[in-house]
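Topology and contacts: notes
Read off the chains here:
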Amino acid sequence: MPTRADWVLDSDASTLSFISTKAVNIAEIHSFAMLEGTVDDDGAVRDSIDLASVETGIDIRDDRMREMLFETGSFSRATLTAMVDTEMLESLSVGESHSAAIEGQLALHGETVPLTFEVVVTRTGESGLLVASRKPVVVNAPLFGLAEGVERLREVAGLPSISNAVPVSFVLAFEAD
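Reading the values: rules and limits
Residues numbered from 1 in each chain as written. Predicted model: local features only at pLDDT ≥ 70, side-chain atom pairs only at ≥ 80, totals over all residues. Heavy atoms only, no water. Phe/Tyr/Trp six-rings, centres within 6.5 Å; stacked < 30°, edge-to-face > 60°. Helix = DSSP H or I, 4+ residues; strand = E, 2+ residues; numbered from the N terminus. Buried < 20%, exposed > 50% of the residue type's maximum accessible area, 1.4 Å probe, protein only. Axes fitted to C-alpha atoms, helices over the stretch in contact; angles between N-to-C directions. Parallel < 35°, antiparallel > 145°, perpendicular 65-115°, else oblique. Contact = heavy atoms within 4.5 Å. Nonpolar A, V, L, I, M, F, W, Y, C, P; charged D, E, K, R; others polar. 1 Å grid on protein atoms, 1.4 Å probe; cavity = no way out; pocket = protein on both sides within 12 Å on 5 of 7 lines; lining within 4 Å. Points joined across faces, edges and corners; volume = space filled by probe spheres on them. Polar contact = N/O pair within 3.5 Å; in protein donor to acceptor, adjacent residues only side chain to side chain. Core = buried A, V, L, I, M, F, W, Y, C linked by side-chain atoms within 4.5 Å. Salt bridge = Lys/Arg side-chain N within 4 Å of Asp/Glu carboxyl O.

What follows is about the packing of aromatic side chains. On inspection of all chains with the given rule, the structure shows three aromatic pairs. Both rings, one in Phe-117 and one in Phe-170, keep their centres 6.3 Å apart while their planes meet at 65°; by these two values the pair is edge-to-face. Taken together, the positions of Phe-117 in strand E9 (residues 111-125) and Phe-170 in strand E12 (residues 165-176) put the pair 53 residues apart, joining distant regions of the chain. On the basis of relative accessible area, Phe-117 is assigned to the buried category, the value being 10%. Of the residues examined, Phe-170 reaches a relative accessible area of 10% and is grouped as buried. One aromatic cluster is present, built from ring pairs that chain together Phe-18, Phe-32 and Phe-70.

Shown next as structure tokens:
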């Protein structure tokens, strides 16, 4: 088992999804295709989301989200930073899981907001970890300066409403470097 290892995110084996709710009762699941991340040997977490990699299943909606909501020309990435207990990571046996509340910061659209992530960490092998959200994290668009973008999307789509509260879930696979 690696000790004091750096952990690198396996983007192909990881998912980060979010739910948008429009017209009060219509919920849709979206995701991001491009994720990067590390956990260093001191427990510093730095994960990055390429916002241009948003995938909604509808090309024009992807384009509108990039341009009107995320404004990827100016704000190309969202970044999560946090600290984790490396002793807990190192003490897990293969197949063993541990629940934790991780305090972190999400930087998105020029704003940085503290968030708590309820996670389950599982040792998947001698050099593998899986970190999954135990509860969705609710990202509130106004806290990140995204309310105007949500309103622009609502107008262009001719919808009566789009929720500013967005539940986010993730499953992140890490390999020891």
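Having seen it, we continue.
Turning our eyes to something else, we now look at the packing of helix H1 (residues 59-70) against helix H3 (residues 147-157). Contact geometry for H1 and H3: axes closest at 8 Å, N-to-C directions at 135°. On the basis of the axis angle, H1 is oblique to H3. The segment H1 lies against H3, with Arg-64, Met-65, Met-68 and Leu-69 engaging Gly-149, Val-150, Arg-152, Leu-153 and Val-156. The residue inventory of the contact of H1 with H3, partitioned by class, reads six nonpolar, one polar and two charged.

To continue, consider the layout of surface pockets. Space inside the largest pocket adds up to approximately 780 Å³. In terms of lining, the largest pocket is formed by 42 residues, of which the most central are Phe-18, Phe-32, Met-65, Phe-70 and Val-166.

What follows deals with unusual backbone geometry. Phi is positive for Glu-71, close to 50°, though the residue is something other than glycine. Here Glu-71 shows up in the loop between H1 and strand E7 (77-83). Even without glycine at this site, His-109 takes up a positive phi of about 55°. With respect to the helices and strands, the residue His-109 is situated in the loop between strand E8 (97-108) and E9. Owing to a relative accessible area of 12%, His-109 belongs among the buried residues under this scheme.

Turning to its location among the elements, Lys-22 is positioned in strand E2 (residues 15-22). Here the side chain of Lys-22 touches Glu-28 through a polar contact of 3.4 Å, side chain to side chain. Residues in contact with Lys-22, not counting those within four places in the same chain, are Glu-28, Arg-61, Leu-159, Ser-161 and Ile-162.

Side chains of nonpolar character tend, in soluble globular proteins, to be buried together. Phe-32, Leu-89, Leu-108, Val-119, Val-121, Phe-170 and Phe-174 are the most contacted members of the largest nonpolar core, which totals 44 residues. Sequence-distant contacts of Phe-32, defined by excluding residues within four places in its chain, comprise Leu-16, Phe-18, Ile-49, Asp-50, Leu-51, Ser-53, Val-54 and Phe-70.

On to the pattern of salt bridges, then. Side-chain pairs of opposite charge can arise where the charged atoms are in close proximity. Applying the stated criterion to the full structure yields seven salt bridges. Arg-152 serves as the salt-bridge partner of Glu-71, at 3.6 Å between the closest nitrogen and oxygen. Taken as a pair, Glu-71 in the loop between H1 and E7 and Arg-152 in helix H3 lie far apart in primary sequence, 81 residues in all. What makes Arg-152 partly exposed here is its relative accessible area of 31%. The partner of Arg-154 in a salt bridge is Glu-151, with the nearest N and O atoms 2.7 Å apart. With a gap of three residues between them, Arg-154 and Glu-151 both fall in helix H3, about one helical turn apart.

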